[in-house]
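Results of the structural survey
Each chain, written out:
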Amino acid sequence: MYAPLQNDSFLRACLRQPTAHTPVWLMRQAGRYLPEYRATRAQAGSFMGLATNTDYATEVTLQPLERYALDAAILFSDILTVPDAMGLGLSFAMGEGPKFERAVRDEAAVAQLAVPDMDKLRYVFDAVTSIRKALNGRVPLIGFSGSPWTLACYMVEGAGSDDYRLVKTMMYSRPDLMHRILAINADAVALYLNTQIEAGAQAVMVFDSWGGVLADGAFQEFSLAYTRRVLQKLKREHDGQRIPHIVFTKGGGLWLEEMAALEPDVLGLDWTVNLKSARARVGGRVALQGNLDPNVLFANPDQIRAEVTKTLESFGAPGPVHGDGTVDSHIFNLGHGISQHTPPESVTALVDAVHEVSRRLRQPG
């Protein structure tokens, strides 16, 4: 059904197999920093108009690959499609973040929650299949979802938040309700990602964007436990191919060892984490992804190259092959999503530097 993969460096790095260079892709690589994306969004009329139209979603997913030598594509969608399918009414105003018509703040609202019918998310799966075909084997396609905790934050707050007062109030005062939301979210996320895999996604990523706002102890109980529940239900193979699992917790540097114990294939790191020490801490159990500060992309090309080099040198060369045939591997990314204000030419400087410098670091001597 699909063309053979021409560039498998991303998948190989996810599985800690040797690669000729460090693969690179960027969170939010299809997005507002590209003038062609803004033109397509204007045609679509709204963000959800873009995300729910198979042709538009395919077009914007491929746009950054036309400009840059990226090693993976990521599905163009949003982390909040699952709660939208639960009936909470997702909308995006221009220049503002997502909002729900109906927040989940009391016992009655929690009682109405259920794992949604995946047919309500058919537009996502149709886009996955369309993108996979359009890629024609150029690079692998990553599918994704928000984590159970991150989805719960938006569901309870009704939008983004500066202080997470409403969701944390529920967590501390009615932990029973919070656990109920998180259990439903975990089962929904696992089903959603498995359906993306069946539709053609070749790797899947869980974005725990707000895990880092939790206190130690609360993180383990309300975020980590439910990410574990998702991973335990995820397909590890499809059509004879291994499907890597990636977990990214923004602000999660404190808990790297505990996250590695979940046994994802890859842990994403934000820019506050030292790559060299992270490599030592996870001990070759998982690949690492990250972790350049997105604001580096506002510097000039020489400075971008210098910061890319620092990041690659911090991780170091993949090193000796372990007894099981794996190596310590690194996937280059930003420590969070690319800013909408990023000059497109800065991404060229970044991608070219990653490939060139990482090849040099692999040279003997």
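Above this note sits the structure.
Residues numbered from 1 in each chain as written. Predicted model: local features only at pLDDT ≥ 70, side-chain atom pairs only at ≥ 80, totals over all residues. Heavy atoms only, no water.

Going from Gly290 to Asn291, the amide bond is cis rather than trans, its omega being -5 degrees. Position of Asn291 relative to the elements: it lies in strand E10 (residues 287–292). A positive phi is found at Arg16, a non-glycine position, where the angle reads about 60 degrees. For Arg16, the position within the fold is in the loop between helix H1 (9–14) and helix H2 (35–44). Among the residues examined, Arg16 registers a relative accessible area of 16% and is labelled buried. In this model, Asp239 sits at a positive phi of 50 degrees, which is unusual for a non-glycine residue. With respect to the helices and strands, Asp239 occurs in the loop between strand E6 (237–238) and strand E7 (241–242). (Helix = DSSP H or I, 4+ residues; strand = E, 2+ residues; numbered from the N terminus. Buried < 20%, exposed > 50% of the residue type's maximum accessible area, 1.4 Å probe, protein only.)

Quick look at the pairing of strand E5 (residues 203–208) now. Burial analysis of E5 places 6 of its 6 residues in the buried class, the great majority of the element. Because side chains alternate across E5, one face comprises the buried residues Ala203, Met205 and Phe207, and the other comprises Val204, Val206 and Asp208, equally buried. Taken together, the 5 bridges between strand E4 (residues 141–146) and E5 define a ladder with parallel strand orientation. Among the inter-strand pairings, Gly143 is bridged to a residue of E5, identified as Val204. Bridge count for E5 against strand E8 (residues 245–249) is 5 bridges, and the pairing is parallel. (Pairing = 2+ DSSP bridges.)

This part takes up the side chain of Thr22. Here Thr22 lies in the loop between H1 and H2. Within polar-contact distance, the side chain of Thr22 engages the side chain of Arg362 at 3.2 Å. Every residue in contact with Thr22, bar those within four places of it in the chain, is listed here: Asp71, Leu312, His330, Ile331, Phe332, Val354, His355, Ser358 and Arg362. (Polar contact = N/O pair within 3.5 Å; in protein donor to acceptor, adjacent residues only side chain to side chain. Contact = heavy atoms within 4.5 Å.)

A few words now on the packing of helix H13 (residues 275–282) against helix H14 (residues 301–315). The geometry of H13 relative to H14 is characterised by a closest axis approach of 7 Å and an angle of 25 degrees between their N-to-C directions. Here H13 lies roughly parallel to H14, going by the angle between them. The two elements H13 and H14 cross, and the hand of that crossing is right-handed. Of H14, the residues touching H13 (which contributes Leu275, Lys276 and Arg279) are Thr311, Ser314 and Phe315. Counted by class, the contact of H13 with H14 contains 2 nonpolar, 2 polar and 2 charged residues. (Axes fitted to C-alpha atoms, helices over the stretch in contact; angles between N-to-C directions. Parallel < 35°, antiparallel > 145°, perpendicular 65-115°, else oblique. Left-handed = near helix turned anticlockwise from the far one by under 90°. Nonpolar A, V, L, I, M, F, W, Y, C, P; charged D, E, K, R; others polar.)

In short, geometric facts, not functional conclusions.
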